[in-house]
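Breakdown of the fold
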Amino acid sequence: MKKILIGSRASKLSLVYANKVKKLILEKESDLPKENIIIKTIKTSGDIFKDRKLSEIGGKKLFCKEIEESLLQKKVDIAVHALKDMEAEEEKNLIIGSYIARNDPRDAFISLKYNSLKELKNNVIGSSSRRRELQLKLINKNISVKHIRGNIDTRIKKLNEGLYDGIVLALAGVKNLNLEKNVKEIFSSDSVIPAVGQGVIAVQCRNEDQEIKGILNKINNTETKLCALAERSMLKTIGGDCDTAVGGLASLLGDEIELKAQLFSDSGKEVFFHELKGKKNDAIKIGKIVGNALLKKAGPKFKKK
């Protein structure tokens, strides 16, 4: 087997994910020398323009674009992404070859002064997510949410500098960097429905690359894949963009899959919820049904992008 090049962002968290994928491949491909799998870091537009809102520079896909281009140009063989950074519509000629077993999908509140979001009065929370902003204000209407960008270390540094009274991050990333000591509150997935794909590492390859597809299939987690397919089908159906305040979380219960989803109106003043349970092999169909139900409930209050 030739060398396998893994494309990844250069952040600490991205490299943790890339090394996790490398380790899983080596466990399944015992005859493959460790030095034959090489992680190549790629700077993305999302990493370069750190101080601007994603919606102003092209959306969350900017964390994937350059890595996907490297994959298409055969500069790398595999691309590792946080699934929540990927567009619902997959890039032509590329495929997600494996979904790594999901980490905790919930969101976490981090603060130096406060133990709970409900304690805050006229305080400032740092978040770059419109979804989180509106969900947090349902829990505590007395907070104000100020935009924050940067990787987890950068955001915690800004918190320590007193620029925010608290920040909200995906628990999966915090755990993978062993920063749980900073967490003051973990929100239930019912009160704060996470972003679609949150906690999932997606491993992408070229659709034509049968050898790599065979390797990635060995490290795929079927349960995580079914949940991801349901969530992404819902997202694709509503036609959201990076500014759409939407959350979706699927879970398997035996042979059934349950999808819970929440969509805010464009104004942010109204919220719509739908959940559905069905056969796990109908994951994509269930996502579509839930997405259409949300659109129907929202009516003219949400404009499909």
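I will try to describe carefully the structure that is included in this document. Treat the numbers as computed from the prediction; the structure is a model and nothing was measured.

1. Concerning the nonpolar core
- Grouped together as the largest cluster of nonpolar side chains are 33 residues, with contacts concentrated most on Val21, Ile25, Ile78, Ile167 and Leu216.
- Top element by residues in this core is helix H1 (residues 12–28). It accounts for five residues.
- The residues contacting Val21, other than those within four sequence positions of it, are Ile6, Val80, Ile100, Ile201, Val203 and Ile219.
- Val196, Ala230, Ile238 and Leu259 belong to the second largest nonpolar core, which has 22 residues in total.

2. Topic: unusual backbone geometry
- The backbone of Lys74 shows a phi angle near 65°, a positive value even though the residue is not glycine.
- Relative to the helices and strands, Lys74 is located in the loop between helix H4 (65–72) and strand S3 (78–82).

3. Side note on the sheet that holds strand S10 (residues 201–206)
- As summarised here, the arrangement of the five strands in space is S2-S1-S3-S10-S4, forming an open sheet in which the pairing is mixed. Of all the strands in the sheet, the pair left with one neighbour each is strand S2 (37–41) and strand S4 (94–99). In this sheet, adjacent strand axes meet at a mean angle of 30° when their direction is disregarded.
- As paired elements, S4 and S10 share five bridges and run antiparallel to each other.

4. Details of the pairing of S2
- Here strand S1 (residues 4–8) pairs with S2 via five bridges, running parallel. From the neighbouring strand, Gly7 faces S2, where its bridge partner is Lys40.
- Read from S1 through H1 to S2, the crossover connection turns out right-handed.

5. Quick notes on helix H5 (residues 130–139)
- What H5 keeps buried is the set Arg131, Arg132, Glu133, Leu134, Gln135 and Leu136.
- The N-cap residue of H5 is Ser129: its side-chain oxygen and the backbone nitrogen of Arg131 are 3.2 Å apart.

Definitions and limits used
- Residues numbered from 1 in each chain as written.
- Predicted model: local features only at pLDDT ≥ 70, side-chain atom pairs only at ≥ 80, totals over all residues.
- Heavy atoms only, no water.
- Core = buried A, V, L, I, M, F, W, Y, C linked by side-chain atoms within 4.5 Å.
- Buried < 20%, exposed > 50% of the residue type's maximum accessible area, 1.4 Å probe, protein only.
- Helix = DSSP H or I, 4+ residues; strand = E, 2+ residues; numbered from the N terminus.
- Contact = heavy atoms within 4.5 Å.
- Pairing = 2+ DSSP bridges.
- Axes fitted to C-alpha atoms, helices over the stretch in contact; angles between N-to-C directions.
- Right-handed = clockwise from strand over helix to strand, strands pointing away.
- Polar contact = N/O pair within 3.5 Å; in protein donor to acceptor, adjacent residues only side chain to side chain.

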